[in-house]
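Single-letter residue listing:
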Amino acid sequence: MRILVLLPLIALSGTTYALTLEQSVAEALNKNPRLLQKYAHFEAKYRDKRTAFSDYLPQVRVYAAYGYENVNYNNGNKINTEMARRELGLRITQMLFDGFKTSSNVARLDYEMRADQQSLISEAENIGLEVTQVYLDLLKAKAIVKLQRENVDDHYDTWSNILERSNKGLSSKADVAQVQARLATVRAELIAAQNNEIDLEANYYDLVGDYPQMLTTPKPDANYIPRGLNTAIDLAIKSHPQINAANLNINAANEQIEHDKSDYWPKLALELDVNDNQNIGVYHGPDDDARIMLTMSYDLYGGGRTNSQTEASKWRYQEATAVRDTTIRQVSEKTKLAWNAYILVGQQIDFYKDNVDFAKETQQGIKRQLRWPV
């Protein structure tokens, strides 16, 4: 498939199900219908450009006709002639100058095609980001389910010990009821965690086209992380495909202005006509002719159409410029949000580790207090 040629990311595995994060992303790029839709649009635009380029080439037209002709009068004279009329003609037209209409149209479609290519790359990156997010969320969800099961087992053991102590008169019924309530809560939390895991598996299938099997923890490469926020923003603005596509659309809008201004110019063409007719008008017999001519046409007045089209194209140019500026702001904002999240989450990790260590110490202390095996 040509998408993977256009977007070389990683080779696909020979297995049926995606296992690693890289394989999941590659599988999504190969199958996701959103990307196929973008790719089809890009291919259509490429052929639109080829269609516009055809105006540079000679236009060849063959005309043929055969039928019955009855002439009653010719120049006021009664003729009343019946003939079997035959027409056969060939016309070759070569455009010499059309006011830069064809060149502007080809250039416009080329910019639009390249913009669609950048949009295709952007969509691939978005899908890759979505797959990465759901993949990591699935790893997290599976870990939470595992912890919730362990939590249920621990609460069940606690309930058993408290119940045994209550039967010996060492714990009250209130203690048993309290532990039973906590056991019911963690069981409900386990079901909620399992439900979240199932939902994420459905999201994974929607993106990749297969259900996840044997996920593995990816190893990020810190060398690809920018050194600072300003570096990250500069890199995003220079390389973001949506910004590149917006710049190309600006160039396309500018070419559209030149295309619409082409009607201000005369049109020059070279025409070759060859005819081989039989029984034309009131004359029996062959009627052959050939001519080659340089033709010129010039629209003196078209009802203001050219002016209106040109003004409309200029406003579309302003619209494309505004879209580009908006895209730059959005990319800068999202880069700042991502960078801030990266920095703050890194700071939170140490506190989470402390929380886990203190929780373990608390657990060990409670077990010693109740004289359970540590």
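Before any of the text, the structure's been laid out above.
So, here is what we can say about the structure in this document. (Residues numbered from 1 in each chain as written. Predicted model: local features only at pLDDT ≥ 70, side-chain atom pairs only at ≥ 80, totals over all residues. Heavy atoms only, no water.)

1. Description of the overall build of the protein chain
Right, on to step 1. When you go through the protein chain residue by residue, the secondary structure sums to eight helices and four strands.
Right, on to step 2. When the elements of the protein chain are put in sequence order from the N terminus, they spell out α-α-α-β-β-α-α-α-α-β-β-α.
Right, on to step 3. Computed over the C-alpha atoms, the radius of gyration of the protein chain is 38 Å, more than 25% above the 21 Å expected from 2.2 N^0.38 for a compact globule of 374 residues.
Right, on to step 4. The principal-axis extent of the C-alpha atoms belonging to the protein chain is close to 135 × 50 × 40 Å.
Right, on to step 5. Within the protein chain, the fraction of its 374 residues that count as buried is 29%.
Right, on to step 6. Partitioning the contacts of the protein chain with sequence separation of at least 6, the portion at a separation of at least 24 is 79%.
Right, on to step 7. Positive and negative charge centroids in the protein chain, built from 43 and 49 side chains respectively, lie 5 Å apart. (Helix = DSSP H or I, 4+ residues; strand = E, 2+ residues; numbered from the N terminus. Rg over C-alpha atoms; globule rule 2.2 N^0.38 Å. Buried < 20%, exposed > 50% of the residue type's maximum accessible area, 1.4 Å probe, protein only. Contact = heavy atoms within 4.5 Å. Lys, Arg positive; Asp, Glu negative; His and termini not counted. Charge placed at Lys NZ, Arg CZ, Asp CG, Glu CD.)

2. Re the pattern of salt bridges
Right, on to step 1. Counting across every chain of the model gives 21 salt bridges.
Right, on to step 2. Note that Arg 34 and Glu 123 form a salt bridge whose closest N and O atoms lie 2.7 Å from each other. On the criterion of sequence distance, the pair formed by Arg 34 in helix 3 (residues 33-53) and Glu 123 in helix 4 (residues 101-167) is long-range, its members being 89 residues apart.
Right, on to step 3. Glu 123 gets classed as buried once you look at its relative accessible area, which sits at 14%.
Right, on to step 4. Of the charged contacts, one joins Asp 263 and Lys 267 as a salt bridge, the two residues approaching to 3.8 Å between their closest N and O atoms. (Salt bridge = Lys/Arg side-chain N within 4 Å of Asp/Glu carboxyl O.)

3. Examining the packing of helix 2 (residues 21-31) against helix 5 (residues 173-208)
Right, on to step 1. Orientation of helix 2 relative to helix 5, taken along the N-to-C sense of each, is 55°, at an axis distance of 8 Å. As far as their axial angle goes, helix 5 and helix 2 are oblique. Each of Ser 24, Glu 27, Ala 28 and Lys 31 in helix 2 lies in contact with helix 5, whose residues at this interface are Tyr 204, Leu 207 and Val 208.
Right, on to step 2. Looking at side-chain class alone, the contact of helix 2 with helix 5 contains four nonpolar, one polar and two charged residues. (Axes fitted to C-alpha atoms, helices over the stretch in contact; angles between N-to-C directions. Parallel < 35°, antiparallel > 145°, perpendicular 65-115°, else oblique. Nonpolar A, V, L, I, M, F, W, Y, C, P; charged D, E, K, R; others polar.)

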